[in-house]
Amino acid sequence: MRPLRYSIHVTLDGCCDHAAMDGDLEMHRRGAESLAQADALIFGRVTYEMMESAWRPMAANPGSLPEETRFFAQTIDKAKKYVVSSSLEKVDWNAEILRGDLGQAVEKLKQSPGDGLFVGGVTLPRALAELNLIDEYELVVHPRLAGRGPYLFNGMPKPRDVKFTGKTDWDSGAKAMRYEPVK
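We now turn to the structure provided with this report.

Calculation notes
- Residues numbered from 1 in each chain as written.
- Predicted model: local features only at pLDDT ≥ 70, side-chain atom pairs only at ≥ 80, totals over all residues.
- Heavy atoms only, no water.
- Helix = DSSP H or I, 4+ residues; strand = E, 2+ residues; numbered from the N terminus.
- Rg over C-alpha atoms; globule rule 2.2 N^0.38 Å.
- Buried < 20%, exposed > 50% of the residue type's maximum accessible area, 1.4 Å probe, protein only.
- Contact = heavy atoms within 4.5 Å.
- Areas by Shrake-Rupley, 256 points an atom, 1.4 Å probe, with all protein chains shown as cover.
- 1 Å grid on protein atoms, 1.4 Å probe; cavity = no way out; pocket = protein on both sides within 12 Å on 5 of 7 lines; lining within 4 Å.
- Points joined across faces, edges and corners; volume = space filled by probe spheres on them.
- Nonpolar A, V, L, I, M, F, W, Y, C, P; charged D, E, K, R; others polar.
- Pairing = 2+ DSSP bridges.
- Axes fitted to C-alpha atoms, helices over the stretch in contact; angles between N-to-C directions.

1. Here's the deal with the overall build of the protein
- Scanning the protein from terminus to terminus reveals five helices and eight strands.
- For a compact globule of 183 residues, the expected C-alpha radius of gyration is about 16 Å, and the protein comes in at 16 Å, within 12% of that figure.
- C-alpha extents for the protein along the principal axes are approximately 40 × 35 × 30 Å.
- A buried classification covers 44% of the 183 residues belonging to the protein.
- Relative to all contacts within the protein whose residues are 6 or more apart in sequence, the contacts with residues 24 or more apart total 71%.
- Carbon and sulfur atoms form 51% of the exposed surface of the protein, whose accessible area is close to 9,700 Å².

Take a look at the structure:
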């Protein structure tokens, strides 16, 4: 079974708005390394549209990009993507739409052969956590106070227990902390 991994960057006070953090080269390098470990990415509509508008043009014109940013752009550009959406009619950028029951659709992807799946965003991962489908959580905590939201898992109806499985210190002072659900 392919594991489903969730990774997101947050500030020390829990803000997960990408604009609240600096996108440095280390972040792009490590992000590309994480994405490269997955066979496919799962995004909700908002995250898919945001990532496509930001990274697709960069992948098409990589010449002026720093090496780590170019690597991230090319990695995400080539990745297979599944988009959970009831409003999009079609997608491209190596993507297909997942429709129907979210739990069944993601469970089917997890049962497919391969190395792993990667989910990004805020709303979709909360729904997947509620369905107990995420196998690993990685929170990259940046040394910054944003003083505002949005915040992770806001509105989740009941708590989920997780156990700490490891961390990686970044040169920037960020810490990538990994957890698995307690089942």
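2. Remarks on the layout of surface pockets
- In this structure, the largest pocket occupies an estimated 1,200 Å³ of space.
- Taken together, 47 residues make up the lining of the largest pocket; nearest its centre are Ser7, Ile8, His9, Met51 and Gly121.
- Among the secondary structure elements, those contributing two or more residues to the lining of the largest pocket are strand E1 (4-11), helix H1 (25-36), strand E2 (40-44), helix H2 (45-60), helix H5 (123-130), strand E6 (136-142) and strand E8 (175-181).
- For the lining of the largest pocket, the element with the most residues is H2, which contributes eight residues.
- Residue classes in the lining of the largest pocket are distributed as 24 nonpolar, 14 polar and nine charged.

3. A closer look at the sheet that holds E2
- Pairing within the open sheet is mixed, and its eight strands lie in the order E4-E3-E2-E5-E1-E6-E8-E7. Both edges of this open sheet fall to strand E4 (95-98) and strand E7 (162-169), since each of them pairs with a single strand only. Geometrically, the sheet is characterised by an average inter-axis angle of 25 degrees between neighbouring strands, direction not taken into account.
- Where E1 lies against strand E5 (residues 117-119), three bridges are found, and the strand directions are parallel. Following the sheet pairing, leucine 4 is matched in E5 by leucine 117.

4. With respect to unusual backbone geometry
- Even without being glycine, tryptophan 93 reaches a positive phi, approximately 60 degrees.
- By the element assignment, tryptophan 93 lies in the loop between strand E3 (80-84) and E4.
- Its relative accessible area of 4% is what places tryptophan 93 among the buried residues.
- Even without being glycine, asparagine 94 reaches a positive phi, approximately 60 degrees.
- The residue asparagine 94 is located in the loop between E3 and E4 in this model.

5. Notes on the pairing of E1
- Burial of E1 is extensive: seven of the eight residues sit out of reach of the surface.
- Relative to E6, E1 runs parallel, the two being bridged by seven bridges. Note that in E6 the partner of tyrosine 6 across the bridge is tyrosine 137.

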